Amino acid sequence: MPVKTLIFIPTYNERENVENMARQLLALGLDTDLLFMDDCSPDGTGEILDRLASEHPRLSAIHRAGKLGIGSAHLDGIRWAYDHGYERLITMDCDFTHTPAEVLRLIDHAEGYDVTIGSRYLAPNSLPWWNPLRKSLTGLGHFLTKNVLGVAVDATGALRGYDLRRIPRELFDLVTARGYAFFFESMFILLRSGFSVKEFPIELPARTYGHSKMNARETVRSGSHLMWLRGASLAKPARFRLSGEATRRPRAGIDPALVDSQGWDSYWDEQERPSSMAYAAIAELYRVSVIKPQLEKAVFRNFAVGAHLLHAGCGSGQVDMALQGRVKITAVDISPSALRVYQRNNPAAFGVRHVDILNLPFAPDTFDGIYNLGVLEHFTSEQIHQILAQFHRVLKPDGRLVIFWPHAHATSVAVLKGVHWLLNDVLKKPTKLHPPEISPIRSKEHAEGLVQEAGFRLIDYYFGPRDVFVQAIIVAEKA
């Protein structure tokens, strides 16, 4: 049975192209309806839409009282789609930066996903003939949504498909933005709520008709909203996602026999204490801005596209978001709370398991590679030997191991000592920001001895300024 589909296009001063857009979409011959929503355009766009609606029974035109914002228009269009029983909603711009042919490609990619996005960042040279300023502003927007909000997909574009059968309408009630910030806020909430997103590459030519409505004031307003969203989501994370029951997304099974002896659940559970919130924000900024690019370099250098990797001790998974789809990641952790955060950040992960890395439940020669970030320092020497032996067992022949291991002389050691002294001794507020780091790496020779004893050959070792002298990066190959 065909999916009942609506194509939604908001308009303001689009008389130059609205009729051409409508006729090209209708000419596709799709079993879809069209909805145009005009914000009382002074150039006569509304009158053209009324005429088109009288000529084409599958085209509807709605007029709003004034220019109420692009995000407000999208929210009204989404509500209209739910109210009229549509199962799929496709949204796009009216200036031909999104061509009608892209709608066909979007539908082809939509099967099995909650949201489908035409992305400007998957293929090289996807913005031909754009002027440098516009291209720079677009790139800056993508950089900020990716690194401040942790949204790795193209979060600022309007070419989207929503599967309304899978997304509850209550999700869009969480969106507060009424301007261009609607696009990244709605995507942030969709990902936080665990909905799956599929991107496909598109090319956006220079604007064919009309002029950009993204002025300097709207740019500043969107930037301010992005920073507010980041702060508000740290203070009250639950405000920006639906409950687990509402999302209906599968979650990792929890093994009640596994015991989190190091107390990682309390670390990952959402805290209201100002000290914990501040530390979490700083740690997250460090992970996203420093560790994440270093991990991506290490993965791309050591593993082929499509390789099956084990992320042992996955934590929040913020560093994994740009890797999803390029490699297959099986993420494991002892903490159920960490796994919940991981799945929220990586809804399209290949696999997420509740696992003790001291006893991996995988067959020998399962993985092409393993990576482990800031984990081994929390274990004793005997436990580290046991973990490395488990890694050796489940790696394929010639598989590689990448470890980010805090150094005994790391700058972070001094900083954390100072913070604990301030909180515990000066302010008299007993605080433990994370489980103790009892086994930092001491040198290249120390690392080489450990991996050789476990059956690995050291390939590379680095400790230096790229991460402000915090982590040693160790690469070893299964011998």
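Please read all numbers here as calculations on a predicted model, not as lab measurements.

Calculation notes
Residues numbered from 1 in each chain as written. Predicted model: local features only at pLDDT ≥ 70, side-chain atom pairs only at ≥ 80, totals over all residues. Heavy atoms only, no water. Helix = DSSP H or I, 4+ residues; strand = E, 2+ residues; numbered from the N terminus. Expected span 1.5 Å × (residues − 1). Buried < 20%, exposed > 50% of the residue type's maximum accessible area, 1.4 Å probe, protein only. Arc of directions from axis to C-beta. Contact = heavy atoms within 4.5 Å. Axes fitted to C-alpha atoms, helices over the stretch in contact; angles between N-to-C directions. Parallel < 35°, antiparallel > 145°, perpendicular 65-115°, else oblique. Left-handed = near helix turned anticlockwise from the far one by under 90°. Pairing = 2+ DSSP bridges.

**What about helix H12 (residues 381-394)?**
Part 1 of the reasoning: With 14 residues, H12 extends 20 Å from end C-alpha to end C-alpha; this agrees with the ideal 20 Å at 1.5 Å per step.
Part 2 of the reasoning: Buried residues of H12: Ile384, Ile387, Leu388, Gln390, Phe391 and Val394, and no others. One face of H12 carries all of its buried residues, which in axial projection span an arc of 155 degrees.
Part 3 of the reasoning: Tucked inside the fold, the buried residues of H12 contact strand S8 (308-312), strand S11 (367-373), strand S12 (395-406), helix H14 (444-453) and strand S13 (456-462).

**So, the packing of helix H1 (residues 18-27) against helix H2 (residues 45-55)**
Part 1 of the reasoning: Viewed as axis vectors pointing N to C, H1 and H2 meet at an angle of 25 degrees, and their least axial separation amounts to 10 Å. In terms of axis orientation, H1 runs roughly parallel to H2. In this structure, H1 crosses over H2, and the sense of that crossing is right-handed. Facing Val18, Glu19, Ala22 and Arg23 of H1, the residues of H2 in contact are Thr45, Ile48, Leu49, Arg51, Leu52 and Glu55.

**Concerning the sheet that holds S12**
Part 1 of the reasoning: Spatially, the 7 strands line up as an open sheet ordered S10-S9-S8-S11-S12-S14-S13, and their pairing is mixed. Looking at the sheet topology across the chains shown, the edges are occupied by strand S10 (351-354) and S13. Across the sheet, the axes of successive neighbouring strands diverge by a mean angle of 20 degrees, strand direction being ignored.
Part 2 of the reasoning: Examined bridge by bridge, S13 and strand S14 (residues 471-478) share 6 bridges and lie antiparallel to one another. Each residue of the ladder has a partner; that of Asp460, found in S14, is Val475.
Part 3 of the reasoning: Helix-sheet contacts for helix H11 (residues 336-345) involve S8, strand S9 (328-333) and S10, and the interaxial angle to S10 is about 170 degrees.
Part 4 of the reasoning: Packed onto the sheet, H12 meets S8, S11, S12, S13 and S14 and runs at close to 145 degrees relative to S12.

**Quick word on the pairing of strand S4 (residues 88-91)**
Part 1 of the reasoning: Alternating positions in S4 separate into two faces, Arg88 and Ile90 on one and Leu89 and Thr91 on the other, with burial throughout.
Part 2 of the reasoning: Two elements, strand S1 (residues 5-11) and S4, share 4 bridges in a ladder whose sense is parallel. Counted as the bridge partner of Phe8 is Thr91 from S4.
Part 3 of the reasoning: Pairing of S4 with strand S6 (residues 160-163) involves 4 bridges; the strand directions are antiparallel. Considered in S6, the bridge of Leu89 is made with Tyr162.

**Things to note about the sheet that holds strand S7 (residues 197-201)**
Across a sheet, strands are paired by hydrogen bonds formed along the backbone, either parallel or antiparallel in direction.
Part 1 of the reasoning: Strand order in the open sheet made by the 7 strands is S3-S2-S1-S4-S6-S5-S7, with mixed pairing throughout. On the outer flanks of this sheet lie strand S3 (59-63) and S7, each paired with one strand and no other. Averaged over neighbouring strand pairs, the angle between their axes works out to 20 degrees when direction is ignored.
Part 2 of the reasoning: With 5 bridges connecting them, strand S5 (residues 115-119) and S7 associate as parallel partners. Residue pairing in the sheet places Val115 in a bridge with Val197 of S7.
Part 3 of the reasoning: Across the sheet, H1 lies against S1, strand S2 (32-38) and S3, angled at about 165 degrees from S2, the strand it touches most.
Part 4 of the reasoning: Helix-sheet contacts for helix H6 (residues 181-192) involve S5, S6 and S7, and the interaxial angle to S6 is about 40 degrees.

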